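Coordinate inspection notes
Here are the chains, one letter per residue:
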Amino acid sequence: MHRIPLKTPLLLLFLVASAEVKADRHKPSTTYRNFCSACHGLKGDGFGKASRYLFPKPRDFRASPLQYATSINRIASSRDILHVVKNGISNSSMNGWSDLSDIQLNEVVQDVLSFRLEGARERYYFAVSEDTGESSTGTPSISTANTGLSAYLSQNTVAGPKWLLASLKIGEPNLTQGKLLYQTQNCHKCHGVDGRGSYGIDLTGEFGYPAFARNLVQESYKYGSEELDVARTIRLGIAGTKMPASPTLTDEQLRDLSRYVLSLKGQETIETTNNQRYRRAIGATLQRK
Ligand code: HEC
Ligand code: HEC
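As a starting point, this report considers the structure included with it. Bear in mind the structure is a predicted one, so any value in this text is a computation, not a measurement.

Counted under the stated rule, the structure contains nine aromatic pairs. For the pair F55 and Y278, a centre-to-centre distance of 5.1 Å together with 75° between the ring planes defines the contact as edge-to-face. Taken together, the positions of F55 in the loop between helix 3 (37-40) and helix 4 (78-87) and Y278 in helix 11 (residues 274-281) put the pair 223 residues apart, joining distant regions of the chain. Relative accessible area serves as the criterion here: at 10%, F55 is assigned to the buried category. Judged by centre distance (5.8 Å) and plane angle (70°), the ring pair of Y124 and Y125 falls under edge-to-face. The exposure class assigned to Y125 is buried, which follows from its relative accessible area of 10%. For the cation-ring pair, K265 lies above Y221, with the distance from its terminal atom to the ring centre recorded as 4.5 Å.

Structural data, given as structure tokens:
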């Protein structure tokens, strides 16, 4: 019986932690419940009723990073979220919601932000409770936990300044250099020498599902196809996916590579179904069109 008092501090911390999490459980707006929860779920965890039929899956706002993030620390700002919600995401079930009123759009953006914050807070408390469970020497006091918490939250949920090329005037792109970079930066390993995507290699994405690197010839880009958008995607990568950041490329190299990548684009853009995308990601449709 004397073991109970020994465990009390840990239990207390856990109770305080879970009480705090519970007390803050976000109740989404009616707009979210009407238009978003069927896919993203009432808790924002991506497990709405329709999610089982979809590929890629609806984003889990609590646990996965948002992919359209234009800030240098790759954390989506409320503007980024508004942009992606209004415009939708090509080749996925996420359609654009530009018909919602500004008030409604603001409501759902706030919901996404609240879910993200709540998820980060949960992860933090989970990590703290794991830590204290493992260490035999002392339990961090709740006030240390709270300082740690705000640092963790600001690191994980606060968008930094917007990413921009250092110099906006950088002359004409050099396609030969761009093509060379495509090879030396290993872009071809995932996107194929011809740019048609990751045939024959295994990649994983959100929730550990198989993923397919973009077909740069036939698919539209999800997060912008202006030269500056492509440069940003290459420089920052896409959080939560296997698309890596390229922090060492200079502005000139980014310009050359972006122009080369855009030059791969063919005349035709393909639209695919959830099932086709899934089959392609697991390597079931290996033949190229
Ligand atoms: C029919 C299903 C469906 C509905 C309804 C839906 N979404 Fe999505 N949403 C998705 C899917 C699928 C993705 C992931 C697409 C991808 O990764 O290509 C997604 C992605 C997102 C993202 C992630 C963007 C990023 O940068 O990572 C946000 C934010 C989002 N949805 C917000 C909303 C909001 C707000 C609503 C309601 C107004 C909504 N969605 C309604 C299916 C849906
Ligand atoms: C390890 C594999 C991998 C490598 C290496 C890689 N990519 Fe990607 N890339 C991906 C994946 C996966 C996606 C799709 C992410 C998603 O939407 O889930 C992607 C997406 C993209 C996109 C589409 C962006 C959009 O808005 O839709 C572009 C453009 C791109 N990559 C260019 C490049 C370039 C240029 C390089 C070389 C510097 C590169 N990639 C290296 C895996 C990779």
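The next point concerns the packing of helix 9 (residues 227-236) against helix 10 (residues 251-263). As a packed pair, helix 9 and helix 10 sit with axes 9 Å apart at the nearest point and diverge in direction by 110°. Classed by the angle they form, the pair helix 9 and helix 10 counts as roughly perpendicular. Of the two possible hands of crossing, helix 9 and helix 10 adopt the one that is right-handed. Judged by residue contacts, E227, V230, A231, I234 and R235 of helix 9 engage L254, R255, L257, S258, R259, V261 and L262 from helix 10. In terms of residue class, the contact of helix 9 with helix 10 is made up of seven nonpolar, one polar and four charged.

Of the protein atoms, only H40 (NE2) and M94 (SD) coordinate the iron atom of ligand 1, at distances of 2.0 to 2.3 Å. If you look at the iron atom of ligand 1, its six donor atoms make angles of 88 to 178° with each other, and the shape they trace is octahedral. Here the residue H40 occupies a position in helix 3, and M94 occupies one in the loop between helix 4 and helix 5 (102-134), the gap between them amounting to 54 residues. For M94, a relative accessible area of 22% gives the class partly exposed.

As a further point, take the coordination of the iron atom of ligand 2. Protein ligation of the iron atom of ligand 2 involves H191 (NE2) and M243 (SD), the donor distances falling in the range 2.0 to 2.1 Å. For H191, a relative accessible area of 12% gives the class buried.

As a further point, take unusual backbone geometry. Cis peptide bonds are those with omega within 30 degrees of zero, and the linkage from F55 to P56 qualifies with 0°. Phi is positive for R74, close to 60°, though the residue is something other than glycine. Structurally, R74 is set in the loop between helix 3 and helix 4. Looking at R74, the relative accessible area reads 32%, which means it is partly exposed. Phi angles above zero are rare outside glycine, and N186 is one such case at about 70°. Mapped onto the secondary structure, N186 falls in the loop between helix 7 (175-184) and helix 8 (187-191).

On to the pattern of salt bridges. In the structure shown here, the tally under the stated rule is nine salt bridges. Residues R62 and E122 are paired through a salt bridge, measuring 3.0 Å at the closest nitrogen-oxygen approach. Within this pair, whereas R62 is found in the loop between helix 3 and helix 4, its partner E122 is found in helix 5, the two being separated by 60 residues in sequence. For R62, a relative accessible area of 8% translates into the label buried. Assessed through its relative accessible area of 26%, E122 is described here as partly exposed. Ionic pairing is found between R259 and E227, a salt bridge with its closest N-O pair at 2.7 Å. In this pair, R259 sits in helix 10 while E227 sits in helix 9, placing the two residues 32 residues apart along the sequence. Classification of R259 by relative accessible area gives partly exposed; the value is 32%. One salt-bridge network, held together by shared partners, links R25, R62, E118 and E122.

Parameters at a glance
Residues numbered from 1 in each chain as written. Chains lettered and ligands numbered in written order. Predicted model: local features only at pLDDT ≥ 70, side-chain atom pairs only at ≥ 80, totals over all residues. Heavy atoms only, no water. Phe/Tyr/Trp six-rings, centres within 6.5 Å; stacked < 30°, edge-to-face > 60°. Helix = DSSP H or I, 4+ residues; strand = E, 2+ residues; numbered from the N terminus. Buried < 20%, exposed > 50% of the residue type's maximum accessible area, 1.4 Å probe, protein only. Lys NZ or Arg CZ within 6 Å of the ring centre and 35° of its normal. Axes fitted to C-alpha atoms, helices over the stretch in contact; angles between N-to-C directions. Parallel < 35°, antiparallel > 145°, perpendicular 65-115°, else oblique. Left-handed = near helix turned anticlockwise from the far one by under 90°. Contact = heavy atoms within 4.5 Å. Nonpolar A, V, L, I, M, F, W, Y, C, P; charged D, E, K, R; others polar. Donors = N, O, S within 2.8 Å, 3.2 Å for Na, K, Ca; no water. Tetrahedral: all angles 85-135°; square planar, octahedral: opposite > 155°, others 65-115°. Salt bridge = Lys/Arg side-chain N within 4 Å of Asp/Glu carboxyl O.

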